[in-house]
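A look at the structure
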Amino acid sequence: MLSPLLANIALSVLDDAFAEHHAEYMATSSKRCARKKQGLANWRLIRYCDDFVVMVTGDRQHAEELRMWVAAILAEVGLRLSPEKTQVVHIDEGFDFLGFHIRRMRKRGTQKHYVYTVPSKRSIQSIKDKVRARTYRSTLHLSLRELLISLNQTLRGWANYFRYGVSKDVFGAVDSYAWRRMASWLARKHSRLSRQQMRRRFCRPGSWKIAHDGIAFTGASSVVVTRYRYRGHHIPSPWTPAPAALTG
């Protein structure tokens, strides 16, 4: 098994191969259109460290041929595609990448289709597992204040990563799960208190929002969702040196 750092270095050969094809075939829009008219595919490589996705404009046969080409490129440096993780799917079926599920769907109430990015099921289950671990019976020795601080930090950190997707409803669902876990945790910790007594003691007045000792449960929903706008190659590179200033 190769470390992510070494895999990232080794995959530079894949970047070079795609860059060469990009320069040869897709430098201008006229060439891209010409390839489509000839029944050929266009593609784009999206890579982050040792994870990558190849977006293909064409049919399934084009995608399968490209997968074999990528496998041959990687074989030259002693790498191979993982059979379990490598898939050829249509954008309408969706796929997982870097914790997001990316899929094209029809916008509700319209006939238009858009590509949506939401937290994947695996990512959602991962944060639920962390919430469950923090509300086990083994944590009953903690104060409610300590539990609230821990959960708020965990959920806010998780939500900050996913705030650039269509995540508002998911954040709400995760918070509801966390609230139920906290309610069960409180019921076990203070088994002699009635439901109304716990509400008066551990919730804000007139609500079921759990709060104690100056700390309230804010959860993932405290993070504002900001939809990411594609900027393509207009994103400035931090490694490009600024031109030297001219002096008179």
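For the structure, see preceding data.
**As for the packing of helix H5 (residues 121-134) against helix H7 (residues 168-189)**
At their nearest, the axes of H5 and H7 sit 10 Å apart, and the two run at 20° to each other. Taken together, the axes of H5 and H7 lie roughly parallel to each other. Like other packed secondary-structure pairs, H5 and H7 cross with a definite hand, here right-handed. Contacts from Ile 124, Ile 127, Lys 128, Val 131 and Arg 132 in H5 reach Val 170, Val 174, Tyr 177, Ala 178 and Arg 181 in H7. Each residue belonging to the contact of H5 with H7 can be placed in one class, and the counts come to seven nonpolar, no polar and three charged.

**Considering a nonpolar patch on the surface**
Together, Tyr 48, Leu 98 and Tyr 161 make up a nonpolar patch on the protein surface, roughly 310 Å² of accessible area in all. Secondary-structure assignment places Tyr 161 in helix H6 (residues 144-162). A relative accessible area of 43% places Tyr 161 in the partly exposed class.

**Overview of the pairing of strand E5 (residues 113-119)**
By the bridge criterion, seven bridges tie strand E4 (residues 100-106) to E5 in an arrangement that is antiparallel. Paired with Ile 102 across the bridge in E5 is Thr 117. Here E4 folds back onto E5, and the loop between the two strands holds six residues, one of which, Gly 109, carries a positive phi near 85°.

**So, the nonpolar core**
By size, the foremost hydrophobic cluster in this structure holds 33 residues, and its most contacted members are Leu 144, Leu 155 and Trp 158. Elements supplying a minimum of two residues to this core: strand E3 (95-97), E4, H5, H6, H7 and helix H8 (195-202). For Trp 158, the residues in contact, after removing those within four places along its chain, are Pro 119, Ser 123, Ile 124, Ile 127, Val 170, Phe 171 and Val 174.

**Structural notes on the sheet that holds E3**
Judged by pairing direction, the sheet is antiparallel, and its three strands sit side by side in the order E3-E4-E5 without closing on themselves. Unpaired on one side and paired on the other, E3 and E5 mark the two borders of the sheet. Across this sheet, the average inter-strand angle for adjacent strands is 35°, counted without regard to direction.

**A word on the pattern of salt bridges**
One pass over the full model with this rule turns up five salt bridges. Notably, a salt bridge pairs Arg 104 with Asp 92, separated by 2.7 Å at the nearest N-O pair. Separated by 12 residues along the polypeptide, Arg 104 in strand E4 and Asp 92 in the loop between helix H4 (60-75) and E3 bring together distant segments of the chain. Owing to a relative accessible area of 32%, Arg 104 belongs among the partly exposed residues under this scheme. The salt bridge involving Arg 145 is made with Asp 213; its shortest N-O contact spans 3.5 Å. Of this pair, Arg 145 sits in helix H6 while Asp 213 sits in the loop between strand E6 (211-212) and strand E7 (215-216), and the two are 68 residues apart along the sequence. Ionic contacts of the salt-bridge type, sharing partners, join the residues Arg 60, Glu 64 and Arg 67 into one network.

**Brief notes about H6**
Residues spaced three or four apart along an α-helix point in a common direction, a consequence of the helix completing one turn every 3.6 residues. When the terminal C-alpha atoms of H6 are compared, their 27 Å separation across 19 residues agrees well with the 27 Å that a helix rising 1.5 Å per residue should span. When H6 is considered as a whole, its buried residues turn out to be Leu 144, Leu 147, Leu 148, Leu 151, Asn 152, Thr 154, Leu 155, Trp 158, Ala 159 and Phe 162.

Thresholds, definitions, all that
- Residues numbered from 1 in each chain as written.
- Predicted model: local features only at pLDDT ≥ 70, side-chain atom pairs only at ≥ 80, totals over all residues.
- Heavy atoms only, no water.
- Axes fitted to C-alpha atoms, helices over the stretch in contact; angles between N-to-C directions.
- Helix = DSSP H or I, 4+ residues; strand = E, 2+ residues; numbered from the N terminus.
- Parallel < 35°, antiparallel > 145°, perpendicular 65-115°, else oblique.
- Left-handed = near helix turned anticlockwise from the far one by under 90°.
- Contact = heavy atoms within 4.5 Å.
- Nonpolar A, V, L, I, M, F, W, Y, C, P; charged D, E, K, R; others polar.
- Patch = residues over 30% accessible without salt bridge, like charges linked within 9 Å, V, L, I, M, F, W, Y side chains within 5 Å.
- Areas by Shrake-Rupley, 256 points an atom, 1.4 Å probe, with all protein chains shown as cover.
- Salt bridge = Lys/Arg side-chain N within 4 Å of Asp/Glu carboxyl O.
- Buried < 20%, exposed > 50% of the residue type's maximum accessible area, 1.4 Å probe, protein only.
- Pairing = 2+ DSSP bridges.
- Core = buried A, V, L, I, M, F, W, Y, C linked by side-chain atoms within 4.5 Å.
- Expected span 1.5 Å × (residues − 1).

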